[in-house]
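# Coordinate inspection notes
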Amino acid sequence: MHLTDERKRINSITLVPMIILIIVAGFLIINVALGLFGVLWYNINLRKSEIGLRRALGASGNAVSKQLVGEALVLSTFALIIGSFLQFSFHC
């Protein structure tokens, strides 16, 4: 067996776990994104009267959308910071 054949075999063996990890990570990222969209949709449905009142007082649809998305981003940023803190504190 040649050295190049051995290197190709080892590289292919090393590549399989990396591909599996990338697929799992992609699935988890999509899952989290769908969860955030679901929470945003639920939040919007609970606040339909508030959104209607803001529109009646003259806010544009774009301004209302920016507020709702901004609130979701702030909440998810806080959750990310708290989760990172807890993960590092329990890990060490």
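Residues numbered from 1 in each chain as written. Predicted model: local features only at pLDDT ≥ 70, side-chain atom pairs only at ≥ 80, totals over all residues. Heavy atoms only, no water.

### As for the overall build of the protein
What counts, and what does not: Only runs of H or I of at least four residues qualify as helices and only runs of E of at least two qualify as strands under DSSP, and these elements are numbered from the N terminus. The reference for a compact globule is 2.2 Å times residues^0.38; the radius of gyration itself is calculated from the C-alpha atoms. The classification of residues rests on relative accessible area computed with a 1.4 Å probe and restricted to protein chains. Under 20% of the type maximum is buried, over 50% is exposed, and intermediate values are partly exposed. Accessible surface is estimated by sampling points in the Shrake-Rupley manner with a 1.4 Å probe; for residues, cover comes only from the protein chains shown. Only four residue types enter the tally: Lys and Arg on the positive side, Asp and Glu on the negative side; His and the chain ends are excluded. A charge is said to be at NZ when it belongs to Lys, at CZ for Arg, at CG for Asp and at CD for Glu.
For the protein, the helix and strand inventory stands at three helices and zero strands. Secondary structure elements in the protein, listed N-terminal to C-terminal, are α-α-α. Against the globule reference of 12 Å for 92 residues, the protein gives a C-alpha radius of gyration of 23 Å, more extended than a compact globule. Its C-alpha atoms give the protein principal-axis dimensions of about 80 × 30 × 15 Å. Out of the 92 residues belonging to the protein, those deemed buried represent 7%. If you sum the accessible surface of the protein, you get close to 7900 Å²; carbon and sulfur atoms cover 76% of it. Counting 8 positive and 4 negative side-chain charges, the protein places the centres of these two groups 10 Å from one another.

### Describing the side chain of Arg47
Definition in use: Between N or O atoms, a polar contact is any pair within 3.5 Å; within protein, one atom must be a potential hydrogen donor and the other a potential acceptor, and residues adjacent in sequence are included only when both atoms are from side chains. The contact rule is simple, with two residues in contact once any of their heavy atoms fall within 4.5 Å.
Of note, Arg47 is situated in the loop between helix H1 (3–46) and helix H2 (48–56). The class of Arg47 is buried, set by a relative accessible area of 17%. Within the local environment of Arg47, its side chain forms a polar contact with the side chain of Glu71, the two groups lying 2.5 Å apart. Beyond its immediate stretch of four places on either side in the chain, Arg47 contacts Gln67, Leu68 and Glu71.

### Notes on a nonpolar patch on the surface
Put simply, the rule reads: Only residues whose relative accessible area exceeds 30% and that form no salt bridge enter a patch; like-charged residues are grouped when within 9 Å of one another, and nonpolar side chains (Val, Leu, Ile, Met, Phe, Trp, Tyr) when within 5 Å. What makes a salt bridge here is a side-chain nitrogen of Lys or Arg within 4 Å of a carboxyl oxygen of Asp or Glu, nothing more.
Taken together, the side chains of Val74, Phe78, Ile81, Ile82, Phe85, Leu86 and Phe90 define a hydrophobic patch exposed on the protein surface, amounting to about 790 Å² of accessible area. Relative to the helices and strands, Ile81 is located in helix H3 (residues 61–91).

Read these as geometric descriptors, not functional statements.
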